[in-house]
Amino acid sequence: MRGLARPVGRFKEYNVPVRFSGYPRVALVYPSTYQASITNLFTHTAYYFLLEKSDALVDRFTLDNPDRGLVTGARLRDFDLVLASANYELDLLYLVKLLDEAGVEPLAERRRGGPLIIVGGLAAMSNPEPFLEIANASFIGDGEILLERLARSLSLLPDRPIDFLDSLGEGLYTSEAEVRKVFVKDLDSSAHPTMLIRSKLVKPVYGEGFYLELSRGCRWLCRFCLEAYAMYPYRYRSLGVVKSLVSEGLKHVSRRRVVVYSLSPFDHPNIRDLLSHLADSGIDFSLPSIRWDTLRLDDLDLLSRSSQRTLTLAPESMSPGLSCSLGKCFSLDAFRELALAALEKGFDLKLYLMVGAPSEREEDVLETARRAKEIASYSSELGRRVSISVNPLVPKPHTPLQDHPLIAEEEYLGRIGILEKELGEGAVAHLRWLHAYVQSLIALGGRGIGRLVALLALRGLSKRNIAELSETLKVDVKFPCRRRSRGERPWSRVKFPLDEVVDKVSL
Ligand code: SF4
């Protein structure tokens with residue numbers, strides 16, 4: 001293995017060690033854009049780890065390069081193992097497209113002689129059943145654990161694929177038996193890359209800098225939030241470890257800037273010490289996601305010391321009663337005070353709202369719209385910007401709202417209409433209902449849905465194609481929009497730590 005002095009591949013990557021030959025051949029497949037792939041920290045962790053700890057030839061594939069590896073140019077169909085990430089449900093659709101374009105048979109039962117496929121990531125591990133139409137197995141747990149086991153077992157490939165899968169042990173789901181999620185208990189001792197893959201042509205989504213995973217999981221456990229339940233328990237890296245990662249990581253990026261990955265960074269016991277330390281050391285920082293009620297007014301001064309000028313806050317609903325049914329109780333006075341202070345300090349705001357909560361009425365949406373309007377009007381007076389994004393509540397497995405119906409399309413558009421009437425047309429960006437519906441199909445569906453989605457990926461995403469495929473394959477596609485019983489959970493053999501508690505509090 002050697003690092004190349006010149007930038008390598010079509011994206012002119014640097015910081016990239018390369019091995020042009022080796023066995024087995026392992027493909028890291030990220031079924032999204034190249035840019036999204038380098039924004040995801042696991043891409044970096046897996047690439048460096050496997051090159052360092054095994055003799056494998058390792059390369060990466062995305063929707064921008066489905067056929068040939070980014071570094072070696074080797075064809076995907078010649079690889080022995082594919083490790084695919086599926087953090088979002090629609091990644092299943094894109095994974096099928098990518099495999100098809102690469103000349104690899106997407107359906108597991110028809111694939112002969114192609115690579116073995118293991119899929120992981122938030123969506124695939126929370127309900128692996130639809131993914132197993134494509135993949136041979138799903139890993140239910142933190143990726144670092146899989147990587148450690150791969151390093152020990154890869155030599156069994158390509159000749160002994162069954163022994164290889166058996167050797168991966170606890171957490172590997174093939175549909176045959178119940179599996180419990182495996183997770184890293186102590187983030188401090190878990191792998192975190194200090195060198196990150198960088199491209200001369202494409203910057204990661206949050207811009208240049210060192211990307212740091214400060215914590216995993218979220219202690220708030222809002223009732224709709226898959227990430228909190230799937231990533232439970234909440235864990236964080238200690239200040240000393242974080243500081244040394246930052247000091248090493250900044251040597252390999254072109255800007256002294258740290259992008260902090262954490263679902264709710266102000267829950268970290270030393271976050272204020274960390275941000276002060278960065279600012280005092282002349283290091284810029286960015287916090288892409290913040291739980292608004294963990295932020296104190298004086299934290300705005302601390303954030304002002306960075307170049308970040310937009311705060312992304314997700315109250316979801318500004319109706320106090322309704323917000324509590326989401327597990328995210330909203331206090332108008334506290335939110336107004338924070339939002340107005342942030343605008344006065346020169347921040348723009350990006351607000352995320354949600355519709356389709358249990359027992360939501362039009363009055364609740366109107367209440368939210370009026371409160372958002374008040375904040376938007378104040379921002380105009382100050383010459384600041386408030387942008388608003390709305391999503392429907394997509395019911396997710398393992399969460400207390402897992403059996404709740406997805407809002408009907410007509411009702412959804414009605415709710416968007418209420419928001420637009422108050423805030424002005426064009427002021428509200430919203431997710432297309434069809435996309436939320438397909439997300440729900442994959443999040444809650446079984447093997448039949450996996451088959452349907454595989455064919456849908458090849459035909460194109462449309463309501464008509466879904467209806468026709470449902471008819472041909474005799475697969476029910478109406479279940480997301482009705483209340484479902486406990487017996488309709490295809491993920492029931494995948495056990496997460498909080499499942500028993502969640503069962504007791506499911507609405
Ligand atoms: S605060 Fe955000 S990340 Fe945490 S549980 Fe609630 S919605 Fe999820």
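Scroll up to find the structure.
What comes next is a walk through the structure. If you're wondering where the values come from, they're calculated on a predicted model, not measured in any experiment.

Remarks on unusual backbone geometry
Residue P24 follows Y23 across a cis peptide bond; omega there is -10 degrees. Relative to the elements of secondary structure, P24 occurs in the loop between strand 3 (17–18) and strand 4 (25–30). In this model, L157 is joined to P158 through a cis peptide bond whose omega is 5 degrees. The residue L221 is not glycine, and still its phi comes out positive at about 50 degrees. Summarising the element assignment, L221 is placed in the loop between strand 13 (215–216) and helix 7 (226–230). In this structure, S359 takes a positive phi of about 60 degrees despite not being glycine. Within the secondary structure layout, S359 lies in the loop between strand 18 (348–355) and helix 13 (362–382). A relative accessible area of 62% means that S359 is categorised as exposed.

Some remarks on the pairing of strand 5 (residues 57–62)
With six of six residues buried, strand 5 lies mostly within the body of the structure. Residues of strand 5 alternate between two faces, with L57, D59 and F61 on one and V58, R60 and T62 on the opposite face, all of them buried. Two strands pair when backbone bridges link them, and strand 4 and strand 5 are joined in this way by six bridges, in the parallel orientation. Residue pairing in the sheet places V29 in a bridge with F61 of strand 5.

Observations regarding the nonpolar core
Counting residues in hydrophobic clusters, the biggest one holds 123 residues, and the most contacted among them are L76, L303, L311 and L349. Considering every element that reaches this core, the biggest residue donor is helix 15 (residues 433–444), with nine residues. Core analysis: the next-biggest nonpolar cluster, separate from the first, contains 40 residues, Y47, V71, V182 and V184 among them.

A closer look at the site of the ligand
The full set of residues close to the ligand is C218, W220, L221, C222, F224, C225, A228, L263, R291 and K328. Counted by class, the shell around the ligand contains eight nonpolar, no polar and two charged residues.

Looking at helix 5 (residues 143–153)
With eight of 11 residues buried, helix 5 lies mostly within the body of the structure. Turning to helix 5, its buried residues number three or more, namely G143, E144, I145, L146, L147, R149, L150 and S153. Where helix 5 is buried, its residues contact helix 2 (41–53), strand 6 (81–85), strand 7 (116–120), strand 8 (137–139), helix 6 (161–167) and strand 13.

Topic: the environment of K243
In this structure, K243 sits in helix 8 (residues 239–249). Expressed as a C-alpha distance, the spacing of K243 and L274, which sit 31 residues apart in the sequence, is 7.7 Å.

Details of the packing of aromatic side chains
Counted according to the given criterion, the structure contains 10 aromatic pairs. Pairing F330 with F335 gives two aromatic rings, centres 5.3 Å apart and planes at 55 degrees, and the pair type is tilted. Taken individually, F330 and F335 each receive the classification buried, so the pair is uniform in this respect. In this structure an aromatic cluster arises from ring pairing among Y206, Y211 and Y261. Cation over ring: R60 sits above Y47, and NZ or CZ is 4.5 Å from the ring centre. Above the ring of Y14, the side-chain terminus of K200 is found at 5.0 Å from the ring centroid.

Scoring rules and cut-offs
- Think of each chain on its own: its residues are numbered from 1, step by step along the sequence as written.
- This being a predicted model, a pLDDT of at least 70 is required before a residue's local features are given, and a value of 80 or more before pairs of side-chain atoms are given or counted; all residues contribute to the totals for chains, interfaces and linings.
- Hydrogens are left out, water is left out, and the side-chain values use all remaining heavy atoms of the structure.
- Under the DSSP-based scheme used, a helix requires at least four consecutive residues in state H or I and a strand at least two consecutive residues in state E, with every element numbered from the N terminus.
- A simple rule labels every residue: compare its accessible area, found with a 1.4 Å probe on the protein chains alone, to the largest value its type can have, and call it buried under 20%, exposed over 50%, or partly exposed in between.
- For two strands to pair, DSSP has to find at least two bridges joining them.
- What makes a nonpolar core is a set of buried Ala, Val, Leu, Ile, Met, Phe, Trp, Tyr and Cys residues whose side-chain atoms join them at distances within 4.5 Å.
- Throughout, the term near means that a residue has one or more heavy atoms lying within 4 Å of the molecule or strand in question.
- Each residue is assigned to one of three groups, with Ala, Val, Leu, Ile, Met, Phe, Trp, Tyr, Cys and Pro labelled nonpolar, Asp, Glu, Lys and Arg labelled charged, and all others, Gly among them, labelled polar.
- Contact criterion: two residues are considered in contact whenever any of their non-hydrogen atoms come within 4.5 Å of each other.
- Here is the rule: rings of Phe, Tyr and Trp (six-membered ring for Trp) pair when centre to centre is within 6.5 Å. Planes less than 30 degrees apart are stacked, more than 60 are edge-to-face, and the remainder are tilted.
- Throughout this description, the term charge over a ring refers to an Arg CZ or Lys NZ atom that lies within 6 Å of the ring centre and within 35 degrees of the ring normal.

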